[in-house]
Amino acid sequence: DVKVTQSSRYLVKRTGEKVFLECVQDMDHENMFWYRQDPGLGLRLIYFSYDVKMKEKGDIPEGYSVSREKKERFSLILESASTNQTSMYLCASSNRGPHSSGNTIYFGEGSWLTVV
Amino acid sequence: SQQGEEDPQALSIQEGENATMNCSYKTSINNLQWYRQNSGRGLVHLILIRSNEREKHSGRLRVTLDTSKKSSSLLITASRAADTASYFCATASRNSGNTPLVFGKGTRLSVIA
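Keep in mind that what you see is a predicted model, and the values were worked out from it rather than measured.

Novice: Could you clarify how one ought to interpret the state of the cysteines in this entry?
Specialist: Cysteine pairs can be linked by a disulfide, which is a covalent bond between their two sulfur atoms. All names here are of chain A. Evaluated as defined, the whole model comprises two disulfides over all chains. In this model Cys 23 forms its disulfide with Cys 91; the gap between the sulfur atoms is 1.9 Å. The S-S bond linking Cys 23 to Cys 91 shows a torsion near -80 degrees; that makes this disulfide left-handed. With Cys 23 in strand β4 (residues 23-25) and Cys 91 in strand β10 (residues 87-94), this pair connects stretches of sequence that are 68 residues apart. Exposure class is identical for Cys 23 and Cys 91. Each is buried.

Novice: How should I be thinking about the pairing of strand β8 (residues 71-76) of chain B in this particular structure?
Specialist: Residue and element names in this part refer to chain B. Taken across its six residues, β8 has five buried, putting it largely inside the fold. Where strand β3 (residues 19-24) and β8 come together, six bridges link them in antiparallel fashion. Counterpart to Thr 20 in the pairing with β8 is Leu 75. Here strand β7 (residues 61-66) pairs with β8 via six bridges, running antiparallel.

Novice: Would you mind showing me how to read the pairing of strand β9 (residues 73-78) of chain A here?
Specialist: Within a regular beta strand, the side chains point alternately toward one face of the sheet and then the other, so they alternate between its two faces. Residues and elements named next belong to chain A. Burial within β9 is extensive, with five of its six residues counted as buried. As defined by bridge partners, strand β3 (residues 19-21) adjoins β9 across three bridges and the pair is classed as antiparallel. Paired with Leu 21 across the strands is Leu 76, a residue of β9. Pairing between strand β8 (residues 65-70) and β9: four bridges, direction antiparallel. When the bridges of β9 are listed, Ser 65 appears paired with Ile 77.

Cut-offs and rules
Residues numbered from 1 in each chain as written. Chains lettered and ligands numbered in written order. Predicted model: local features only at pLDDT ≥ 70, side-chain atom pairs only at ≥ 80, totals over all residues. Heavy atoms only, no water. Disulfide = S-S within 2.5 Å. Helix = DSSP H or I, 4+ residues; strand = E, 2+ residues; numbered from the N terminus. Buried < 20%, exposed > 50% of the residue type's maximum accessible area, 1.4 Å probe, protein only. Pairing = 2+ DSSP bridges.

Here's what the structure looks like:
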């Protein structure tokens, strides 16, 4: 079974702190994603990556950056956390191939971040 | 840039009843996927239906796709309390290369025992 592991389930950080959310997948997937989920807004794509050292902006990249130094690991970075970044963050991965052809996405369990 | 929009936003039914959730999307697609999310957890893939299919079954799940109306429905028959979750449709535009799936806002289903 595909496993996408998010290292922290619950975090509480202070405004202005630098925050790292780590994600590792064990299925040699090329594609990795970071989504943010908020009540009433659904899932919104922050960043994605289709290869090592490659990154693409999603719909809401402002205030975030990512790092993909190894194929299995995709990190989301909040350079200076703000209270409006309090949310649930979901990491996901998928195999090589277009999603328009039916490529399935596998999700981690989510990381609940509270910024105070 | 959300493509899929689920309807209703929330649905509450009694155990044993059927639950129907609808999804509308905007552009041409090759397939549509449905995912399920238990409260506070990640999403899990349920079923995929291709544009040349009108209906697909998987256990108690039945998915239909009407490409002329750009809509899909997910039917859960004989619902159980364990079906309580949020359900999302996801699509990728046929002509979008390898852009990521776009998810709707989901339907929150509550099945009351």
